[in-house]
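# Descriptive structure summary
Listed below, chain by chain, are the residues.
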Amino acid sequence: MTDHLAGLLDWFAGHGLWAATFGTGLLTAFLSSVMNNMPTVLVGALSIDASQAEGAVREAMIYANVIGSDLGPKFTPIGSLATLLWLHVLARKDIRITWGYYFRVGVVLTLPVLLATLAALVIRLSLA
């Protein structure tokens, strides 16, 4: 898996700092929303290590991996163990939050935050 992801990250890196940052961040956000954030940040780090990216692009990919892995679990409940535990506690108190509702709220709130954070990262690294 890391070899395939490294190839994809190299493709992003070949298109510059913006593409590498947004590609890495969105990819890891998606992965962390479907397989959990802890393994995603590790797989992302191993994939970045296996990629050919260098300099500011590599640095951007490292930070984008952390950002995407941290924000991605806000899209689905399975992205974070803490979320699953909270949903269990709430369900025991007869407060039900469906996956559909969680996803709709997560997309509306998290996607703009993710995009703004990745843009701020690119701008910050461009000024350095």
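Per chain, residues are indexed from 1 in the order of the written sequence. Thresholds applied to this predicted model are a pLDDT of at least 70 for local features of residues and 80 or more for the giving and counting of side-chain atom pairs; totals over whole chains, interfaces and linings are not thresholded and use all residues. Excluding hydrogens and water, the side-chain values take into account all heavy atoms of the structure.

What follows covers the environment of phenylalanine 75. Helical segments are the DSSP runs of H or I of at least four residues, strand segments are the runs of E of at least two, and each set is numbered from the N terminus. Following the sequence through the fold, phenylalanine 75 ends up in the loop between helix 4 (55–71) and helix 5 (81–92). Residue exposure (1.4 Å probe, protein chains only): buried if accessible area is under 20% of the type maximum, exposed if over 50%, otherwise partly exposed. Accessibility expressed as a relative area gives 10% for phenylalanine 75, which makes it buried. For phenylalanine 75 and histidine 88, which are 13 residues apart along the polypeptide, the C-alpha to C-alpha distance reads 17 Å. What phenylalanine 75 contacts, discounting residues up to four positions off in sequence, is Ala29, Ser33, Tyr102, Phe103, Gly106, Val107, Thr110, Leu111 and Leu114. Here, residues are in contact when the closest pair of their heavy atoms is within 4.5 Å.

This part covers unusual backbone geometry. Most peptide bonds are trans, and most residues other than glycine sit at a negative phi. Within the chain, asparagine 36 stands out as a residue other than glycine whose phi angle is a positive 100°. Tracing the backbone shows asparagine 36 in the loop between helix 2 (17–35) and helix 3 (37–50). Despite not being glycine, aspartate 94 shows a phi value in the positive range, around 60°. Along the chain, aspartate 94 turns up in the loop between helix 5 and helix 6 (99–127).

Val57, Met61 and Leu114 are the most contacted members of the largest nonpolar core, which has 26 residues in total. Every element with two or more residues in this core is listed here: helix 1 (2–13), helix 2, helix 3, helix 4 and helix 6. Excluding its chain neighbours within four sequence positions, the residues that come into contact with valine 57 are Ala13, Gly16, Leu17 and Ala20. Here, nonpolar core refers to any group of buried Ala, Val, Leu, Ile, Met, Phe, Trp, Tyr and Cys residues whose side-chain atoms link them within 4.5 Å.

Right, let's talk about a nonpolar patch on the surface for a bit. A cluster of nonpolar side chains, Phe30, Val34, Ile78, Leu81, Leu84, Leu85 and Trp99, forms an exposed patch at the surface whose accessible area comes to about 680 Å². Going through the elements one at a time, helix 2 and helix 5 are the ones with two or more residues in the nonpolar patch. You can see leucine 84 is positioned in helix 5. With a relative accessible area of 35%, leucine 84 lands in the partly exposed category. A patch is a set of surface residues, each over 30% in relative accessible area and not in a salt bridge, joined within 9 Å for like charges and within 5 Å for the nonpolar side chains Val, Leu, Ile, Met, Phe, Trp and Tyr. All accessible-area figures derive from a Shrake-Rupley calculation using a 1.4 Å probe, and residue coverage is judged against the displayed protein chains alone. Basic side-chain nitrogens of Lys or Arg form a salt bridge, by our definition, when they fall within 4 Å of a carboxyl oxygen of Asp or Glu.

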